[in-house]
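Residue-level listing of the chains:
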Amino acid sequence: QKGGYDFFMQKEIYDQPEALHNTIMPRIHNGHADFSADNISDDIFKGVNRVIVTACGTAWHAGLVGRHLIEAMIRIPVTVELASEFRYMNPILDEHTLVVVITQSGETADSLAALRLANERGAKTISIVNVKGSSIARESDYVLYTHAGPEIAVASTKAFSVQCAGMYLIALKLAEVNNLMTDEQMKDFCDKFEQAIGTVEEVLKMDDYIKGISEKIKDTFSAFYLGRGLDYGIACEACLKLKEISYVNAEAYCAGELKHGTISLITEGVPIIAIATQENVLPKLMANVEEVKARGAHVIVVTDKDMSNYEGIYDDLIQVPATDDLFATFASTVALQLLAYHVTVFRGYDVDQPRNLAKSVTVE
Ligand code: F6R
């Protein structure tokens with residue numbers, strides 16, 4: 001079942017090129033998002049002036065990535081709500097609001113309740129779901145299935161990547177239906193999307209190298225993940241991966257927030273993992289990194305940028321293949337899944353079955 005891998009999580013990390021291919025390629029043709037095989041009517045996207053993404057855990061992080069993309073690219077306002085909060089929020093919704101529910105299992109109790117509320121209040125609903133025929137799939141107006149195949153490990157990996165891909169596809173469709181991008185821009189989007197997916201194979205080839213870095217930080221008590229913009233969503237997800245399986249006390253921060261408190265936690269040797277794929281904030285991010293380096297942190301930078309100007313302010317570099325900044329999601333995510341995986345194996349824990357966690361949370 002594990003196909004020769006030591007753990008399901010490891011197999012599922014390696015499943016990602018195929019999962020992404022299967023989720024994306026049937027749905028992009030000649031620079032257009034084609035949801036006809038999914039029976040998703042264009043009407044649901046027409047006239048949308050606001051998007052609310054709601055989900056839990058890893059799926060919520062995919063929402064953070066989606067928000068950054070949609071707002072940057074097509075200028076429709078997006079909020080990302082934890083389903084456990086949204087369901088009790090008395091949210092303001094109308095027929096121009098598109099509510100996107102993201103879920104691997106399709107059975108998460110809070111996400112289902114959030115969907116039901118959105119349906120009751122007259123919003124349009126679409127869910128991004130991995131498990132066919134699940135409750136959330138059945139109760140949404142439309143479903144965009146992710147084709148990741150079964151995910152067995154408790155810690156989600158391939159499901160996250162395809163959930164993000166689902167958000168990119170929805171962004172493209174929203175743009176197309178509402179004339180928010182030209183044909184040329186949509187073609188460019190598809191080219192960049194495909195190119196970014198191709199980088200995942202390259203990152204998987206860095207497995208041994210990333211394992212070597214993992215060994216250096218394996219005995220740490222705590223760790224911090226830093227990112228800005230799109231990279232903050234990636235930081236949150238990478239951080240959750242590490243803490244849920246390795247039991248390292250990890251936190252993700254928008255890098256600019258550090259000096260508002262957290263920097264007091266940085267001491268000699270504490271690992272800081274900085275995700276640096278966004279050109280517009282790169283100097284700012286690296287200035288934040290320099291501050292933690294000066295306090296003795298062990299700095300690991302994950303980037304697709306040229307770091308020659310920043311030598312000396314990091315200890316380890318995970319140089320992933322370059323992509324357009326808005327498509328940097330996939331390469332850095334996979335690199336950091338590998339990091340969490342190897343740290344956990346070094347610490348001797350059961351990667352697939354972390355304590356106290358269930359694969360699907362069907363109670364509130
Ligand atoms: C973390 C993880 C969880 C789930 C969350 C939502 O690795 O898997 O945080 O993402 O419980 O589950 P789904 O996506 O099934 O709604």
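Residues numbered from 1 in each chain as written. Predicted model: local features only at pLDDT ≥ 70, side-chain atom pairs only at ≥ 80, totals over all residues. Heavy atoms only, no water.

Chemist: What exactly am I supposed to notice about the overall build of the chain here?
Modeler: Counting secondary structure elements, the chain contains 12 helices and 12 strands. A globule of 364 residues ought to have a C-alpha radius of gyration of about 21 Å, and the chain, at 20 Å, matches this closely. For the chain, the spread of C-alpha atoms along the three principal axes comes to 55 × 45 × 40 Å. Counting contacts in the chain only where the partners sit at least 6 residues apart, residues at least 24 apart contribute 77% of the total. When the accessible area of the chain is evaluated, it comes to approximately 14,300 Å², of which 48% is carbon and sulfur surface. The average position of the 32 basic charges and that of the 50 acidic charges among the side chains of the chain differ by 3 Å. (Helix = DSSP H or I, 4+ residues; strand = E, 2+ residues; numbered from the N terminus. Rg over C-alpha atoms; globule rule 2.2 N^0.38 Å. Contact = heavy atoms within 4.5 Å. Areas by Shrake-Rupley, 256 points an atom, 1.4 Å probe, with all protein chains shown as cover. Lys, Arg positive; Asp, Glu negative; His and termini not counted. Charge placed at Lys NZ, Arg CZ, Asp CG, Glu CD.)

Chemist: Would you mind showing me how to read the site of the ligand here?
Modeler: The local shell around the ligand holds 14 residues, among which Thr103, Gln104, Ser105, Thr108 and Glu244 are the closest. Note that an oxygen atom of the ligand is positioned 3.4 Å from one of the backbone N or O atoms of Val154. In the model, an oxygen atom of the ligand is placed 2.5 Å from a nitrogen or oxygen of the Glu244 side chain. Taken by itself the ligand offers 410 Å² of open surface, and the protein chains cover 89% of this. Per-class residue counts for the shell around the ligand are five nonpolar, seven polar and two charged. (Near = heavy atom within 4 Å. Polar contact = N/O pair within 3.5 Å; in protein donor to acceptor, adjacent residues only side chain to side chain. Nonpolar A, V, L, I, M, F, W, Y, C, P; charged D, E, K, R; others polar.)

Chemist: Would you mind going over the pattern of salt bridges with me for this structure?
Modeler: Opposite charge on two side chains allows them to pair when their charged atoms are near. Under the criterion given, the structure shown has 21 salt bridges. The shortest N-O distance in the salt bridge between Glu202 and Lys205 comes to 3.2 Å. Overall, Lys205 belongs to the exposed group, its relative accessible area being 61%. When the shortest N-O distance is used, the salt bridge between Glu237 and Lys241 registers 2.8 Å. Residue Glu237 and its partner Lys241 are both found in helix 10 (residues 230–246); the two are separated by four residues, about one turn of the helix. Like Glu237, the residue Lys241 is buried in the burial classification. The network of salt bridges with shared partners includes Lys11, Asp15 and Lys158. (Salt bridge = Lys/Arg side-chain N within 4 Å of Asp/Glu carboxyl O. Buried < 20%, exposed > 50% of the residue type's maximum accessible area, 1.4 Å probe, protein only.)

Chemist: Explain the environment of Lys46 here, please?
Modeler: Tracing the sequence through the fold places Lys46 in the loop between strand 2 (32–33) and strand 3 (50–55). Measuring from C-alpha to C-alpha, the distance between Lys46 and Tyr232 comes to 30 Å, with 186 residues separating the pair along the chain.

Chemist: Explain the packing of aromatic side chains to me, please; I cannot follow it from the model alone.
Modeler: For any pair of aromatic rings, the description rests on two quantities: the centre-to-centre distance and the angle between the ring planes. Tallied over the entire structure, the rule returns 13 aromatic pairs. Here the aromatic rings of Tyr168 and Phe189 are separated by 6.5 Å at their centres, their planes lie at 55°, and the arrangement is tilted. Remark: Phe189 occurs in helix 8 (residues 183–204) and Tyr168 occurs in helix 7 (residues 158–177); sequence separation between them is 21 residues. Each member of the pair, Tyr168 as well as Phe189, is classed as buried. On the basis of an interplanar angle of 75° and a centroid distance of 5.1 Å, the ring pair of Phe189 and Phe327 is categorised as edge-to-face. Of this pair, Phe189 sits in helix 8 while Phe327 sits in the loop between strand 12 (316–319) and helix 12 (329–347); the two residues are 138 residues apart in sequence, bridging distant segments of the chain. (Phe/Tyr/Trp six-rings, centres within 6.5 Å; stacked < 30°, edge-to-face > 60°.)

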